[in-house]
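The chain contents come next:
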Amino acid sequence: MPEFAVELRNVSKRFPGPSGEIVTAVNNVNMQIKDGEFFSMLGPSGCGKTTSLRMIAGFELPTDGDVLIHGKPMGQTPPYQRPVNTVFQNYALFPHMTIGQNVAFGLEMKGVPKSEIATRVTEVLAMVRLPNFEKRRTRQMSGGQQQRVALARALVNRPEVLLLDEPLGALDQKLRKEMQLELKTLQREVGITFVFVTHDQEEALTMSDRIAVMSGGVALQIGTANEIYERPNCKFVADFIGEMSFLEGKVTSQNGAVVTVDLEGGLTVQATTDDKLTNGQAVSVAVRPEKMHLKDISLPADANRFIGHVENVVYIGTDTHYAVKLKGGQKLRVREQNDHPGSQPLAQQGDEVTVRFAASAARALTE
Amino acid sequence: MLAKLRDKDARRGLLLITPTMLWMIGLLIIPLILVVITSFGQRDPNGNVIYTFTLENYIRLAGISAEGFDPLYLNILTGSLLLAFQTTALVILIGYPLAYFVARAPLKQRNLLLFLILVPLWTNFVIRIYAWIMLLRKTGVINSLLGWLLGLVGIQFTPFDMYPSSGAVLVGMIYEFLPFMILPMYTSLEKIDPALYEAAADLGANAISTFFRVTLPLSAPGMVAGTILVFIPVMGTFIVSDILGGRTEILVGNLIQRQFLDARDPAFGSAASIILMVMTLAVTIFYARRFGFGDEVIAP
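Residues numbered from 1 in each chain as written. Chains lettered and ligands numbered in written order. Predicted model: local features only at pLDDT ≥ 70, side-chain atom pairs only at ≥ 80, totals over all residues. Heavy atoms only, no water.

## What about the interface of chain A and chain B?
Taken together, the 21 residues of chain A in the interface contact 22 residues of chain B. When chain A packs against chain B, close to 2,000 Å² is buried across both sides, 64% of that on carbon and sulfur atoms. For Glu 108 of chain A, the salt bridge identified is with Arg 213 of chain B, shortest N-O distance 2.9 Å. In terms of residue count, helix H2 (residues 99-110) of chain A provides more of the side of chain A that touches chain B than any other element does, four residues in total. (Contact = heavy atoms within 4.5 Å. Buried area = accessible area lost by both parts, 1.4 Å probe. Salt bridge = Lys/Arg side-chain N within 4 Å of Asp/Glu carboxyl O. Helix = DSSP H or I, 4+ residues; strand = E, 2+ residues; numbered from the N terminus.)

Shown next as structure tokens:
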């Protein structure tokens, strides 16, 4: 079996827009989703994630490029001939059928013998923790239960790939968290490749083996949660995932992975990069709040140290957030953990503080 | 406090239904009772009703008389029933694709299309039925056009004898009642979430399976409503058969009309009305029992 469950090769999708203009929903996307992986497409609305998913399902056909499922080019293959199943955003359960009939639908279409259908429906309903729900009607069920039925209806067909289009979007916060864990566990159990679309970064980080961060129809970065959080490859990804402070400046020198960047107000910052940068190039230096310190912790000699004034202190229990304004006018958000018994804030509004962070904690990013 | 409020609500409810109640009692219930009473009466030689109690009118309708059995009236009844079934079935077959097309059209076009479906109703019903004579008669538009076309390729054309005929009546009925089927079917087709079509396709259903397993059952409520809107009036209408059927095509509606206006026998006409009503009710109840009024099909 080929290594990749799903492959998008130079896939583009263009629609005619409402006033006749051409809208590019997906722009030359390449993605390789491994077999058995929990893969998420993450991005704000309109980033092309749902269109990409719909092209894998076959509801949309690519304008350019091709979708491959386990190495087979899909071309014009209609949805009903693809070895994938979808869990829809609003579940799309058939209102005129019982739960049992809903779940059996896919098997009936495939011509599976009646006796086998009954067993498989019972099995899958037990798996999603809805045993003996066959006779119920969809309108008698809560959102969470409908969600499980939608999952069962897709999984019962044993698809090669399961596509999930923001399936948790309609659930309340608590149920969402529960379902996140359940989905992840379920995916490990069945071993089917999951392709999950979400705009919720926390959801993506929690569940996924790998994530594709998308914006403007482009897959900006594809990697594990850790890679995307720790080594974002562009300003959008850095800004979209988690909290980030940015320092705008120009490159003055580069020594391997370490670059020196001049900021306004005569400040200089040491940062790391994966790219080859040229002197004078404009870059954004991105630093996570939790990687900066007001405490005088031991850092290498070349670490960054900036003097600034505290503009705002927010105590949130586990941490305290400090908004610090540097000499050059740049603003940083620093987060210190309250990890000692009886921890008190390290500074008050108006105090002068030193913000410290290692060069390795700062990433110089081009657009 | 709460009881008082509920009391007030109940009284307000009564007030709200009073006008309709009065209307229905005065113009439906009382006349209906009068018709029932009349149907058991007799006709005197001057065409007035003698109010007695006799089953004579019903026995006459059943075709039983001193001279033996004559199925004349039974044939009219079954003919009307058959025509109503044919009309309903054909109106569904013709209307469904159109309703589906309109329901799946882009939002902007939908209102225009619905408007176009309703435009014919702006012209008087009788005039529109008369217009069919111009189309169907021996020297009408259809025969002339066919004759001219066949004449071009040198074929001798004998005009079709389409008017007056039972076929012409059927065509007129279909034409007249099509919008009443399209509109409710459109309403229920339009309500179907497009994601359901995708879900069906996703689960392996091709276009045909999707239609029979998803589209058709979910649009059934509209079809049921449309059937009731078409079947009942077709059973009683006499204008279409009067205009397009000639004097030989007699439906229950014509029979009743003639008893009141030509034969001056309101008692026999009332009996025929009651039989028509009972037949219509029986078919409607059977239909509703079998298919429901659609309420259990659509999720609330």
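## Describing the pattern of salt bridges
All chains considered together, the criterion is met by 31 salt bridges over all chains. In this structure, the salt-bridge partner of Glu 178 of chain A is Lys 174 of chain A, at a minimum N-O distance of 3.9 Å. Note that Glu 178 of chain A and Lys 174 of chain A are positioned in helix H5 (residues 173-190) at a spacing of four residues, about one turn of the helix. For Glu 178 of chain A, a relative accessible area of 37% puts it in the partly exposed group. The network of salt bridges with common partners includes Arg 54 and Glu 60 of chain A together with Glu 198 of chain B. (Buried < 20%, exposed > 50% of the residue type's maximum accessible area, 1.4 Å probe, protein only.)

## Looking at the nonpolar core
In this structure, Ile 56, Val 67, Phe 94 and Val 195 of chain A together with Leu 244 of chain B are the most contacted members of the largest nonpolar core, which totals 92 residues. Counting residues per element, this core draws most heavily on helix H7 (residues 166-190) of chain B, which supplies twelve residues. Not counting chain neighbours up to four residues away, the residues in contact with Phe 94 of chain A comprise Asn 102, Phe 105, Thr 138 and Arg 153 of chain A together with Leu 196, Ala 199, Ala 200, Leu 203 and Val 214 of chain B. By size, the runner-up hydrophobic cluster in this structure holds 35 residues, among which are Phe 38, Val 87, Val 156 and Leu 162 of chain A. (Core = buried A, V, L, I, M, F, W, Y, C linked by side-chain atoms within 4.5 Å.)

## Thoughts on the domain arrangement of chain A
Residues and elements named next belong to chain A. For chain A, the domain assignment lists domain 1 (6-235) and domain 2 (243-365). Taken over C-alpha atoms, the centre of domain 1 sits 39 Å from the centre of domain 2. Between domain 1 and domain 2, roughly 790 Å² of surface is buried when both sides are summed, and carbon and sulfur atoms account for 45% of that area. Where domain 1 touches domain 2, the interface holds three salt bridges. The closest approach of N and O atoms between Glu 230 and Lys 291, which form a salt bridge, is 3.3 Å. Taken together, the links from domain 1 to domain 2 amount to six residue pairs in polar contact (both at pLDDT 80 or more). Tallying contributions element by element places helix H7 (residues 225-230) first for the side of domain 1 that touches domain 2, with three residues. Partitioning the side of domain 1 that touches domain 2 into residue classes produces four nonpolar, one polar and three charged. (Domains from an automatic or database assignment. Polar contact = N/O pair within 3.5 Å; in protein donor to acceptor, adjacent residues only side chain to side chain. Nonpolar A, V, L, I, M, F, W, Y, C, P; charged D, E, K, R; others polar.)

## Thoughts on the packing of helix H8 (residues 194-202) of chain B against helix H9 (residues 207-236) of chain B
Residue and element names in this part refer to chain B. Between H8 and H9, the least distance of the axes is 10 Å, while the angle of their chain directions is 155°. As summarised for this structure, H8 and H9 are arranged roughly antiparallel, according to the angle between their axes. The handedness of the crossing between H8 and H9 is right-handed. Seen from H8, the contacting residues are Leu 196, Tyr 197 and Ala 200; seen from H9, they are Thr 210, Val 214, Thr 215 and Leu 218. Of the residues belonging to the contact of H8 with H9, the class tally is five nonpolar, two polar and no charged. (Axes fitted to C-alpha atoms, helices over the stretch in contact; angles between N-to-C directions. Parallel < 35°, antiparallel > 145°, perpendicular 65-115°, else oblique. Left-handed = near helix turned anticlockwise from the far one by under 90°.)

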